[in-house]
Amino acid sequence: DTAVSQTPKYLVTQMGNDKSIKCEQNLGHDTMYWYKQDSKKFLKIMFSYNNKELIINETVPNRFSPKSPDKAHLNLHINSLELGDSAVYFCASSQDRQAHEQYFGPGTRLTVT
Amino acid sequence: LAKTTQPISMDSYEGQEVNITCSHNNIATNDYITWYQQFPSQGPRFIIQGYKTKVTNEVASLFIPADRKSSTLSLPRVSLSDTAVYYCLVGDSAYNTDKLIFGTGTRLQVFP
């Protein structure tokens, strides 16, 4: 069984469009995250979400917004896509905010043309 | 920017022990040291975590000296399947999102 899953795996879209990436975890974890891995392979956290409490990395543009319909899901919505948004986006989860062991999804490669 | 420094790459042969060192001179009292492994086109996978001295699990060992300004991930008897990028992270919790930054990591290449 897949612990953390993401859809789609690949996403190609044009500048200015709005898109969403879905994430689901079946581990019963309380905390979920979104990361962005750029072309230089730096992997940087974008959001941390726990029990309706959202921690935002201040460097993330407000075009990005996480939405959590329930504890097992944390979707990422991106408005007005830009070329610089092209990257691989990873969803992850951990048992709680204090847990350091995070489980990552397979990633979504977003290409903005 | 990442608070850790690691070698960019390392080469090894199958069956050898590999030690990857991470420098974290500004580690805080509450910070833990965590290592992840990432294969191409996959998300990072947790390997091991420690606070001080030595931690060992079925996959690796983590050595942390008394001053905690560095740590060493030890992979015993590597195989071809250990070829991956290894990341060292230092942080205390997800509340401090600025600490949860994976650097460029160490690209380990294992040869037959």
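Everything quoted here is computed from the prediction, not taken from an experiment.

> What's the story with the overall build of chain B in this structure? I'm lost.
In terms of helices and strands, chain B carries 0 helices and 10 strands. When the helices and strands of chain B are listed from N to C terminus, the series reads β-β-β-β-β-β-β-β-β-β. In chain B, which comprises 112 residues, the proportion classed as buried is 48%. In chain B, 55% of the contacts between residues at least 6 apart in sequence involve partners at least 24 apart.

> How should I be thinking about the overall build of chain A in this particular structure?
In terms of helices and strands, chain A carries 0 helices and 11 strands. Across its three principal directions, the C-alpha atoms of chain A cover 35 × 30 × 30 Å. Sorting the 113 residues of chain A into buried and exposed places 45% on the buried side. Considering only contacts within chain A whose residues lie at least 6 apart along the sequence, 57% involve residues at least 24 apart.

> Help me out: how do you make sense of a positive patch on the surface in this one?
A cluster of basic side chains, namely Lys-9, Lys-41 and Arg-109 of chain A together with Arg-107 of chain B, defines a positive patch on the protein surface. Here Arg-109 of chain A shows up in strand 11 (residues 108–112). For Arg-109 of chain A, a relative accessible area of 41% corresponds to the partly exposed category.

> For this particular structure, what's the right way to read the interface of chain A and chain B?
Note on interface size: it is often stated as the accessible area lost on association of the parts. Facing 24 residues of chain A, the contacting portion of chain B comprises 22 residues. Carbon and sulfur atoms supply 60% of the area that chain A and chain B bury against each other, a total of about 1900 Å² over both sides. For the pair chain A and chain B, the number of links is 0 salt bridges. On the surface where chain A and chain B come into contact, there are 3 residue pairs in polar contact (both at pLDDT 80 or more). Counting only elements with at least two residues in the side of chain A that touches chain B, the list comes to strand 4 (31–37), strand 5 (43–50) and strand 6 (53–56) of chain A. If you tally residues by element for the side of chain A that touches chain B, the top one is strand 5 of chain A, at 4 residues. When its residues are assigned to classes, the side of chain A that touches chain B shows 10 nonpolar, 7 polar and 7 charged.

> Is there a simple way to explain the side chain of Arg-68 of chain B in this structure?
All names here are of chain B. Locating Arg-68 in the fold gives a position in the loop between strand 6 (61–64) and strand 7 (70–75). It turns out Arg-68 is buried and unbridged, and the closest side chain with the opposite charge, Asp-31, is 6.0 Å from it. A polar side-chain atom of Arg-68 sits 2.8 Å from the main-chain carbonyl oxygen of Ala-28. From its side chain, Arg-68 meets the backbone oxygen of Thr-29 in a polar contact 3.4 Å long. Apart from the residues lying within four places of it in its own chain, the contact partners of Arg-68 are His-24, Ile-27, Ala-28, Thr-29, Asp-31, Tyr-51 and Lys-52.

> I would appreciate a short explanation of the sheet that holds strand 1 (residues 4–7) of chain A in the present structure.
All names here are of chain A. Taken in spatial order, the 4 strands line up as 1-3-8-7 in an open sheet, and their pairing is antiparallel. Pairing within the sheet leaves two strands with one partner each, and these edge strands are strand 1 and strand 7 (64–70). The average angle at which neighbouring strand axes cross in this sheet is 20°, direction not considered. Both strand 1 and strand 3 (residues 19–25) contribute to a ladder of 4 bridges, which runs antiparallel. Residue pairing in the sheet places Gln-6 in a bridge with Cys-23 of strand 3.

> Where do I start with the packing of aromatic side chains in this structure?
What describes a pair of aromatic rings is the distance from one ring centre to the other and the angle between the planes of the rings. Inspection of the entire model under this criterion finds 8 aromatic pairs over all chains. With a centroid separation of 6.0 Å and an interplanar angle of 45°, the aromatic rings of Tyr-13 of chain B and Phe-111 of chain B are classed as tilted. Linking Tyr-13 of chain B in strand 1 (residues 9–13) with Phe-111 of chain B in strand 10 (residues 106–111), this pair joins segments that are 98 residues apart in sequence. We classify Tyr-13 of chain B as partly exposed; its relative accessible area is 47%. When the ring of Tyr-36 of chain B is compared with that of Phe-46 of chain B, the centres are 5.9 Å apart and the planes differ by 80°; the resulting orientation is edge-to-face. Taken together, the residues span a long stretch of sequence, with Tyr-36 of chain B in strand 3 (residues 32–38) and Phe-46 of chain B in strand 4 (residues 45–50) at a distance of 10 residues. With respect to burial, Tyr-36 of chain B and Phe-46 of chain B carry one shared label: buried. What links up through ring pairs into an aromatic cluster is the set Tyr-33, Tyr-35, Phe-90 and Phe-104 of chain A together with Tyr-36 and Phe-46 of chain B. Taking NZ or CZ as reference, Arg-68 of chain B lies 4.0 Å from the ring centre of Tyr-51 of chain B, over its face.

Calculation criteria
Residues numbered from 1 in each chain as written. Chains lettered and ligands numbered in written order. Predicted model: local features only at pLDDT ≥ 70, side-chain atom pairs only at ≥ 80, totals over all residues. Heavy atoms only, no water. Helix = DSSP H or I, 4+ residues; strand = E, 2+ residues; numbered from the N terminus. Buried < 20%, exposed > 50% of the residue type's maximum accessible area, 1.4 Å probe, protein only. Contact = heavy atoms within 4.5 Å. Patch = residues over 30% accessible without salt bridge, like charges linked within 9 Å, V, L, I, M, F, W, Y side chains within 5 Å. Areas by Shrake-Rupley, 256 points an atom, 1.4 Å probe, with all protein chains shown as cover. Salt bridge = Lys/Arg side-chain N within 4 Å of Asp/Glu carboxyl O. Lys, Arg positive; Asp, Glu negative; His and termini not counted. Charge placed at Lys NZ, Arg CZ, Asp CG, Glu CD. Buried area = accessible area lost by both parts, 1.4 Å probe. Polar contact = N/O pair within 3.5 Å; in protein donor to acceptor, adjacent residues only side chain to side chain. Nonpolar A, V, L, I, M, F, W, Y, C, P; charged D, E, K, R; others polar. Pairing = 2+ DSSP bridges. Axes fitted to C-alpha atoms, helices over the stretch in contact; angles between N-to-C directions. Phe/Tyr/Trp six-rings, centres within 6.5 Å; stacked < 30°, edge-to-face > 60°. Lys NZ or Arg CZ within 6 Å of the ring centre and 35° of its normal.

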